[in-house]
Amino acid sequence: MNNYELYALIIILFVSIGTYGLRLSGLLLSDKISNDGKIRIFLDYLPPTLLLSFVTPVVLREGLAGILAIFLIAICMHKTKNIFLSMIVGVVTVAISRNLF
Amino acid sequence: MNVNINISSDFINGAKANTPIGLSVFAYGAVLGMICAQKGVEIYQLTLMNVFIFAGTSQFIIVDMWNNISEIFTIVAAALLLNLRYFLIGASLNRLFKKSSMKDKFIYMHLVADENWAVTIERSKHENITPLFLFGGGICLFTIWSTGTYLGYIFGGFINDPSKYALDFAFIAIFTALCFNLYQDKRNLIPWLFAALIAYISEYFFGGNLYIVLGAIAGSLVGVVLEAKKYE
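A.B. asks: Would you mind going over the overall build of chain B in detail, with residue names and values included?
C.D. replies: Along chain B, the regular secondary structure elements total 12 helices and zero strands. Overall, chain B shows an N-to-C arrangement of helices and strands of α-α-α-α-α-α-α-α-α-α-α-α. Relative to the compact-globule value of 17 Å for 232 residues, chain B shows a C-alpha radius of gyration of 19 Å, a close match. In chain B, 78% of the contacts between residues at least 6 apart in sequence involve partners at least 24 apart.

A.B. asks: Lay out the domain arrangement of chain A with the relevant residues and their values.
C.D. replies: According to the domain assignment, chain A consists of domain 1 (1-33) and domain 2 (47-101). A separation of 33 Å is found between the C-alpha centroids of domain 1 of chain A and domain 2 of chain A.

A.B. asks: Before we move on, can you summarise helix H12 (residues 210-227) of chain B with the specific residues and values?
C.D. replies: Under the 1.5 Å per step criterion, the end-to-end length of H12 of chain B is 26 Å for 18 residues, consistent within 8% with the ideal 26 Å. Among all positions in H12 of chain B, only Tyr211, Ile212, Val213, Gly215, Ala216, Ala218, Gly219, Ser220 and Gly223 of chain B are buried. Looking at the buried side of H12 of chain B, the elements it contacts are helix H2 (37-62) of chain A together with helix H6 (85-92) and helix H11 (189-206) of chain B.

A.B. asks: Which residues make up the nonpolar core, and what values go with them?
C.D. replies: Side chains of a nonpolar character, in soluble globular proteins, are inclined to be buried together. Ranked by size, the top nonpolar core spans 102 residues in total, and within it Leu51 of chain A together with Ala173, Ile174, Phe175, Ala177, Leu178 and Ala195 of chain B carry the most contacts. Once you skip the residues sitting within four places of it in the chain, Leu51 of chain A turns out to touch Ala118, Phe175, Leu178 and Cys179 of chain B.

A.B. asks: Could you give me a rundown of the domain arrangement of chain B, with the residues and numbers involved?
C.D. replies: All names here are of chain B. Its domain assignment divides chain B into domain 1 (2-182) and domain 2 (185-232). One C-alpha centre belongs to domain 1, the other to domain 2, and the line joining them spans 24 Å. The interface of domain 1 with domain 2 comprises six residues on the first partner and five residues on the second. For the side of domain 1 that touches domain 2, the secondary-structure elements that each account for two or more residues are helix H5 (72-82) and H6. The residue inventory of the side of domain 1 that touches domain 2, partitioned by class, reads four nonpolar, one polar and one charged.

A.B. asks: Give me the packing of H11 of chain B against H12 of chain B: which residues, what numbers.
C.D. replies: Residues and elements named next belong to chain B. Contact geometry of H11 with H12 gives a least axis separation of 7 Å together with a crossing angle of 150°. Classified by the angle between their axes, H11 and H12 sit roughly antiparallel to one another. The element H11 and its partner H12 pack so that their crossing is right-handed. In this structure, H11 contributes Ile190, Pro191, Trp192, Phe194, Ala195, Ala196, Ile198, Ala199, Ser202, Glu203 and Phe206 to the contact, and H12 contributes Leu210, Tyr211, Ile212, Leu214, Gly215, Ala216, Ala218, Gly219, Ser220, Val222, Gly223 and Leu226. A breakdown of the residues in the contact of H11 with H12 according to their chemical character gives 17 nonpolar, five polar and one charged.

A.B. asks: Describe the interface of chain B and chain A, naming the residues involved and giving the relevant values.
C.D. replies: On the side of chain A, 58 residues touch chain B, which itself brings 71 residues to the contact. Considering each element in turn, the side of chain B that touches chain A owes the most residues, 12 residues, to helix H10 (residues 168-181) of chain B. Residue classes in the side of chain B that touches chain A are distributed as 52 nonpolar, 14 polar and five charged.

Conventions we followed
- Residues numbered from 1 in each chain as written.
- Chains lettered and ligands numbered in written order.
- Predicted model: local features only at pLDDT ≥ 70, side-chain atom pairs only at ≥ 80, totals over all residues.
- Helix = DSSP H or I, 4+ residues; strand = E, 2+ residues; numbered from the N terminus.
- Rg over C-alpha atoms; globule rule 2.2 N^0.38 Å.
- Contact = placed C-beta atoms within 7 Å.
- Domains from an automatic or database assignment.
- Expected span 1.5 Å × (residues − 1).
- Buried ≥ 20, exposed ≤ 12 C-beta atoms within 10 Å, placed from the backbone.
- Core = buried A, V, L, I, M, F, W, Y, C linked by C-beta atoms within 7 Å.
- Nonpolar A, V, L, I, M, F, W, Y, C, P; charged D, E, K, R; others polar.
- Axes fitted to C-alpha atoms, helices over the stretch in contact; angles between N-to-C directions.
- Parallel < 35°, antiparallel > 145°, perpendicular 65-115°, else oblique.
- Left-handed = near helix turned anticlockwise from the far one by under 90°.

Set out below in structure tokens:
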């Protein structure tokens, strides 16, 4: 094994341990403190705020097509509750805009 | 007996529920596999990353910096910074694991990715599910992701431009759809808007991926401030 392979293995090892550590410690720590009312509210707000934080900059970077896609996804979800269909609507909207303009 | 049937059906349902999002996970994996082949990453190294790291964005960062592989600290720090959100994701799974043993927590948490987490959280608002739903989704994504990376590695170039078909937008579309399903009432509006705003501003100023964590913390804190009164 040469040095570069060793470096790669060390990196993979540390990132693996660190990532698993983050996943598990978040859960274990929240178990300890979740009885507090305020922390409960905080934890309940995490999923939607994480998702929104994830998508907002990307959608806005996409410009008008991104905003239109989000709008159509909202309508589609409201009418059909079908996640797969909503995904198709969003992807097709952005694909058309990218290929036309 | 009945319990067993319920448990295994949770696993299957979790796998099924993650199949649609698998389309974009596959495309994303194929792109990573392609880059790995170009950068000279060995198949066994790709496999180790898929199995033990199992976090797409940080795998991309590592492979991206592959030419400077001797900068161990920089690469590890960059990858873990990207994965900071998993701490919050883990914390938000607290209700789902309420009745689970320590052993279950240790086993099931490894295969938690953005996608099966989001699908599970959304489903748990409407149905009573166990962590096996999450785990079934994890196994499904792991299979699709790995297959994508290997096919990309071997047949590199078969999706020569995923962005042309907006496949990169599929994640965003699904996450948005899942998020809309989590909406309860107008009390959610201000914290949600705040999260989006802070995420946008911090992405604009800092770049990187820290904006996800910053936006989520800011929005959730606003939620606490607005709703905490009823607990006093």
